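The residues making up each chain are set out below.
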Amino acid sequence: MEKSVNYGDHDDLNLEATELRLGLPGISSSSDIGYEKQSSSASTVVVVRNNKRASPEGIMTQESSTKSNSSVSDARNVGPDSHHQPLAKAQVVGWPPIRSFRRNSFQQKKTDQGDGAGMYVKVSMDGAPYLRKVDLKVYKSYPELLTALENMFKFTIGEYSEREGYNGSEYAPTYEDKDGDWMLVGDVPWDMFIFSCKRLRIMKGSEARGLGCL
Amino acid sequence: MDPERKKVLERVAVSTFPDEVLERVLVQLKSHKDRSSVSLVCHSWYDAERFSRTHVFIANCYSVTPEIVSRRFPNIRSVSLKGKPRFSDFNLVPPKWGADIRSWLVMFAAKYPFLEELRLKRMTVTDESLEFLALSCPNFKGLSLLSCDGFSTDGLAAIATHCKNLTELDIQENDLNDKSGSWLSCFPENFSSLEVLNFANLSNDVNFEALERLVSRCKSLKVLKVNRNITLEQLPRLLIHAPLLTELGTGSFLQEHPACQYSELENAFNKCMNLNTLSGLSEVTALSLPALYPTCANLTFLNLSCAALQSGELAKLLVHCPCLRRLWVLDTVEDKGLEAVGSNCPLLEELRVFPTDPFDEDTFHGVTESGFIAVSYGCRRLSYVLYFCRQMTNAAVETIVQNCPDFTHFRLCIMNPWQPDYQTNEPMDKAFCAVVKTCTRLQRLAVSGLLTDLTFEYIGKYAKNLETLSVAFAGSSDWGMQCVLGGCPKLRKLEIRDCPFGNAALLSGLDKYESMRSLWMSGCKVTMNGCRLLAKEMPRLNVEVIKVDGSNESQADKVYVYRSVAGPRRDAPPFVLTL
């Protein structure tokens, strides 16, 4: 569940780790990926400093919460001063307040559909009894993907040309993009393709030839 | 009241109003608030009311004991119970905290063997309990479990097997152990009384043929919400058997084979002309959405919170939904999608916008203040909003409440704690001040963003009808909480996390807590001594502290205070200290 580590005693505080700086993260002497557990009296705030985010204004740290047990007079100590940025990559228990079933269903969706970082998409082939899945991230270019599909479904795709689509076979590889439209594979740059492709379909017969004649 | 005067009045009441007439009248009363008022009039009215009551709603299962309830109300057929504090939904309450239904079931078996309905929210329910319920109450008809935990699909199997007269099985958003979908096949082959079936949040496959047969047998089925394993191809086979459906939760709305079963789906939806509520639609795409258009004309509630629609797709759909009163969406629709809401749904009363990537600050998707403003211009009847966003301004909220002054529920969640107005860098005080000043009917408020005590001064002063207040990462000092406790005459539930409120604030509410249902404070500056003092001063309150591992001895990490006639809990686990 939740872990709460109390730094009630000031001597234990790693003050350098909580020092506000005006440099890029990762330059300081503290650990590269600063992973500090600090707590206000009950809720745990886990601050993960992310090297990828170069934040010119400085790194916001959770120094305020470590002070929250001590001084009563400093009434605004829970909360940033105006020159702090909002928490960078902080994850607080139970925040934002959404129920677990909703959180879980989205983690599942992300792994199902992929979000650009390793992505499996379904491949259907007209006439095949079941669908397959391929990880688009594994391939670096169209020829690699098409060869893999040819092997998977035991067929041959023709030669791609911008003018005539896939000539020389009765199959045409198509994909559904983010807008829900069915597009011919190969028209857009590879990187753009893998980000917009939601699923693949290998069309067969007259439907495929129809596309080739466009 | 003077006892003599009371006797005189009672005699008058009895002689001018025979009991039979009174009971006939009271039977019509459904609202528990009305019944409470009736029971306070005099002894004979109290008696008439308690004999005629068939439904009891217990908002805090620890505020009363099963014995007290059964003694007062001998003829109960339907019970609603709520257990854990609301913040348990967000993992702020450790597991095994309590709210076990067991002791209530034992009482039901003895005193309410004719029990027909049980609705539980945030209770712990075991499989054994479910089986015990099914076997003890032969006339049991309706079970609704929302945000409960402790059971598995075996418990559902027991209900399906033994409850011969079941009309409702509503399993929503629970933390259950989903072992398999075989529970559905436990309904006997001659069972046909089901009217409500909701298993949308279960993840295992049920036997589709069994489901199809069940739906075709249950001619009175009005509500059907299936899980996402039911495919778009399978859906029409269910719909043709259920023409009376008023609420439908679809499974996956993903078309595996483009243009394939489209016509079958369209025909099925064409037959369902009584639908007023639609949900599910997971994995919906622009291709499959148009199948819905014919049914949308009469829709009043559209729940798209599991469907990651883009703005264009939503806009096209909403054109067909002019009668919409309630809409739930994901923030994938973005501000443009919300503009479409404003343009197409003039009757809208409730809007909820859920975040898709709540933990990922790098994504700049989602909705902003512009979307909310657009909705407020088009939907002037808006009274309920739940809005998750990453940026907001005071000016935006001021405009919104000017457009929609009838808010009864205003729940704004700016997802980054302590975030100021991003344009002016000021606190968000002005926003919530505008809300409480303008929306005089406000019953429920959730605040967020960078807030000083000023917000709470205004809340205390102006929120005359406020019943529920949720506060997180806000306020500057004890004064803020003191203002709320000193004002807000109708306050019933106050839940606070991670605010700089301490003992002075806690103790300023002594007069108030007995008129409130409960108070929750976690991550604040309250100490054990403060809580002990509260417990000492107010013996009829239960003051409970949940101790968290490794925390300071003198700090009261999580405090839960509630009024109770049951005395201190007898089933408290070791980490709950009753003071």
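Definitions and limits used
- Residues numbered from 1 in each chain as written.
- Chains lettered and ligands numbered in written order.
- Predicted model: local features only at pLDDT ≥ 70, side-chain atom pairs only at ≥ 80, totals over all residues.
- Heavy atoms only, no water.
- Helix = DSSP H or I, 4+ residues; strand = E, 2+ residues; numbered from the N terminus.
- Buried < 20%, exposed > 50% of the residue type's maximum accessible area, 1.4 Å probe, protein only.
- Contact = heavy atoms within 4.5 Å.
- Areas by Shrake-Rupley, 256 points an atom, 1.4 Å probe, with all protein chains shown as cover.
- Lys, Arg positive; Asp, Glu negative; His and termini not counted.
- Charge placed at Lys NZ, Arg CZ, Asp CG, Glu CD.
- Pairing = 2+ DSSP bridges.
- Axes fitted to C-alpha atoms, helices over the stretch in contact; angles between N-to-C directions.
- pLDDT = per-residue confidence, 0-100.
- Arc of directions from axis to C-beta.
- Polar contact = N/O pair within 3.5 Å; in protein donor to acceptor, adjacent residues only side chain to side chain.
- Right-handed = clockwise from strand over helix to strand, strands pointing away.
- Salt bridge = Lys/Arg side-chain N within 4 Å of Asp/Glu carboxyl O.
- Parallel < 35°, antiparallel > 145°, perpendicular 65-115°, else oblique.
- Nonpolar A, V, L, I, M, F, W, Y, C, P; charged D, E, K, R; others polar.
- Phe/Tyr/Trp six-rings, centres within 6.5 Å; stacked < 30°, edge-to-face > 60°.
- Lys NZ or Arg CZ within 6 Å of the ring centre and 35° of its normal.
- Core = buried A, V, L, I, M, F, W, Y, C linked by side-chain atoms within 4.5 Å.

## Brief notes about the overall build of chain A
Here comes step 1: When helices and strands are tallied, chain A shows five helices and 10 strands.
Here comes step 2: Buried positions account for 45% of the 214 residues belonging to chain A.
Here comes step 3: Taking all contacts inside chain A whose residues are at least 6 apart in sequence as the whole, residues at least 24 apart take part in 53%.
Here comes step 4: When the accessible surface of chain A is totalled, it reaches about 11500 Å², and 52% of it is carbon and sulfur.

## A closer look at the overall build of chain B
Here comes step 1: Scanning chain B from N- to C-terminus turns up 20 helices and 23 strands.
Here comes step 2: Buried positions account for 59% of the 579 residues belonging to chain B.
Here comes step 3: Long-range pairs, those at least 24 residues apart, make up 69% of the contacts in chain B with a sequence separation of at least 6.
Here comes step 4: Carbon and sulfur atoms provide 52% of the accessible area of chain B, an area that totals close to 22700 Å².
Here comes step 5: Measuring between centres, the 63 positive side-chain charges of chain B sit 7 Å from its 66 negative side-chain charges.

## What to know about the sheet that holds strand 9 (residues 182-184) of chain A
Residues and elements named next belong to chain A.
Here comes step 1: Spatially, five strands are ordered 5-4-10-8-9 in an open sheet, and the strand pairing comes out mixed. This sheet does not close on itself; its edge strands, each paired only once, are strand 5 (132-135) and strand 9. For this sheet the average axis-to-axis angle between neighbouring strands, irrespective of direction, equals 35°.
Here comes step 2: When strand 8 (residues 171-176) meets strand 10 (residues 199-204), the two strands line up antiparallel, connected through six bridges.

## Digging into the confidence of the model for chain B
Reading predicted coordinates in detail is not appropriate for stretches of low pLDDT.
Residue and element names in this part refer to chain B.
Here comes step 1: On average, residues of chain B score 92 in pLDDT, and 96% of them are at 70 or above.
Here comes step 2: In the model of chain B, helix 1 (residues 3-16) stands out as the element of lowest mean pLDDT, 65, in contrast to strand 17 (residues 444-446), which has the highest, 98.
Here comes step 3: Taken over the whole predicted complex, pTM reads 0.77, whereas the ipTM for its chain interfaces reads 0.86.

## Side note on helix 3 (residues 32-39) of chain B
Residues and elements named next belong to chain B.
Here comes step 1: Inspection of helix 3 places Arg35, Val38 and Ser39 among the buried residues, and these make up the whole buried set. Down the axis of helix 3, the smallest arc covering the buried residues is 95°, so these residues share one side.
Here comes step 2: For helix 3, the side-chain oxygen to backbone nitrogen distance between the N-cap and Lys33 is 3.2 Å, and the N-cap itself is Ser31.

## Thoughts on the pairing of strand 4 (residues 142-146) of chain B
Residue and element names in this part refer to chain B.
Here comes step 1: Counting buried residues along strand 4, five of its five residues qualify, which places the element largely inside the surrounding structure.
Here comes step 2: Burial along strand 4 is two-sided: the face carrying Gly142, Ser144 and Leu146 and the face carrying Leu143 and Leu145 are both buried.
Here comes step 3: Taken together, the five bridges between strand 3 (residues 117-121) and strand 4 define a ladder with parallel strand orientation. By the bridge assignment, Leu120 is partnered in strand 4 with Leu145.
Here comes step 4: Since strand 3 and strand 4 lie parallel, the crossover through helix 7 (residues 127-136) that links them has a hand, and here it is right-handed.
Here comes step 5: Here five bridges tie strand 4 to strand 6 (residues 168-172), and the two strands are oriented parallel to one another. Across the sheet, Leu146 pairs through a bridge with Gln172, a residue of strand 6.

## A closer look at the pattern of salt bridges
Here comes step 1: Counting across every chain of the model gives 31 salt bridges over all chains.
Here comes step 2: The shortest N-O distance in the salt bridge between Arg237(B) and Glu209(B) comes to 3.7 Å. Remark: Glu209(B) occurs in helix 9 (residues 208-217) and Arg237(B) occurs in helix 10 (residues 235-239); sequence separation between them is 28 residues.
Here comes step 3: Of the charged contacts, one joins Arg326(B) and Glu350(B) as a salt bridge, the two residues approaching to 3.1 Å between their closest N and O atoms. You can see Arg326(B) sitting in strand 13 (residues 326-330) and its partner Glu350(B) sitting in strand 14 (residues 350-354), a full 24 residues away along the chain.
Here comes step 4: The exposure class of Arg326(B) is partly exposed, given its relative accessible area of 30%.
Here comes step 5: Within this structure, Arg99(A), Asp89(B), Arg122(B) and Glu173(B) form a network of salt bridges that share partners.

## Section: the environment of Val284(B)
Residues and elements named next belong to chain B.
Here comes step 1: The residue Val284 is located in the loop between strand 11 (277-279) and strand 12 (301-303) in this model.
Here comes step 2: When the C-alpha positions of Val284 and Glu313 are compared, they lie 9.9 Å apart, and in sequence the two are 29 residues distant.
Here comes step 3: Residues within four places of Val284 in sequence aside, it is in contact with Phe253, Leu289, Ala307 and Leu309.

## Comments concerning the packing of helix 13 (residues 334-344) of chain B against helix 14 (residues 369-378) of chain B
Residues and elements named next belong to chain B.
Here comes step 1: Here helix 13 crosses helix 14 at 5°, and the two axes come no closer than 7 Å. In terms of orientation, helix 13 lies roughly parallel with respect to helix 14. Contacts between helix 13 and helix 14 involve Asp335, Leu338, Glu339, Val341 and Gly342 on the former and, on the latter, Ser370, Gly371, Phe372, Ala374, Val375 and Gly378.
Here comes step 2: A per-class count over the contact of helix 13 with helix 14 returns five nonpolar, four polar and two charged.

## With respect to the packing of aromatic side chains
The relation between two aromatic rings is expressed through the spacing of the ring centres and the mutual angle of the planes.
Residues and elements named next belong to chain B.
Here comes step 1: Applying the stated rule across the entire model yields 27 aromatic pairs over all chains.
Here comes step 2: Through successive ring pairs, a cluster of aromatic residues spans Tyr62, Phe87, Phe90, Trp97, Trp520, Tyr560 and Tyr562.
Here comes step 3: The ring of Phe51 carries the charged tip of Arg50 above its face, separated from the ring centre by 4.6 Å.

## Re the side chain of Ser124(A)
All names here are of chain A.
Here comes step 1: With respect to the element layout, Ser124 can be found in strand 4 (residues 120-125).
Here comes step 2: According to the relative accessible area criterion, Ser124 is buried, its value standing at 5%.
Here comes step 3: In contact with Ser124, other than residues within four places in its own chain, are Leu131, Leu200, Arg201 and Ile202.

## Remarks on the nonpolar core
Here comes step 1: If you look at the biggest cluster of nonpolar residues, it comprises 176 residues, and the most contacted ones within it are Trp183(B), Leu211(B), Phe407(B), Phe410(B), Leu445(B) and Ile459(B).
Here comes step 2: Non-local contacts of Trp183(B), meaning those with residues more than four positions away in its chain, are made with Thr153(B), Leu156(B), Ala157(B), Ala160(B), Leu169(B), Leu197(B), Phe199(B), Leu202(B) and Val206(B).

## Describing unusual backbone geometry
Here comes step 1: Between Trp95(A) and Pro96(A) the backbone carries a cis peptide bond, its omega angle lying at -5°.
Here comes step 2: Looking at the element boundaries, Pro96(A) is found in the loop between strand 3 (90-92) and helix 2 (100-113).
Here comes step 3: Positive phi values are uncommon outside glycine, yet Ala99(B) reaches one of about 60°.
Here comes step 4: One can find Ala99(B) in the loop between strand 2 (78-82) and helix 6 (102-111).
Here comes step 5: The exposure class assigned to Ala99(B) is buried, which follows from its relative accessible area of 0%.

## Things to note about helix 15 (residues 394-403) of chain B
Here comes step 1: Residues of helix 15 of chain B that are buried include every one of Asn394(B), Ala396(B), Val397(B), Ile400(B), Val401(B) and Asn403(B), and no others.
Here comes step 2: Structurally, helix 15 of chain B contributes buried residues whose contacts are with helix 14, strand 16 (409-414) and helix 16 (429-438) of chain B.

## Quick word on the environment of Asp453(B)
All names here are of chain B.
Here comes step 1: Secondary-structure assignment places Asp453 in helix 17 (residues 453-462).
Here comes step 2: The sequence separation of Asp453 and Ser39 amounts to 414 residues, and the corresponding C-alpha distance is 40 Å.
Here comes step 3: With sequence-adjacent residues up to four places away left out, Asp453 is seen in contact with Gly475, Ser476, Ser477, Trp479, Gly480 and Phe501.
Here comes step 4: Among the polar contacts made by the side chain of Asp453, one reaches the side chain of Ser477 at a distance of 2.5 Å.

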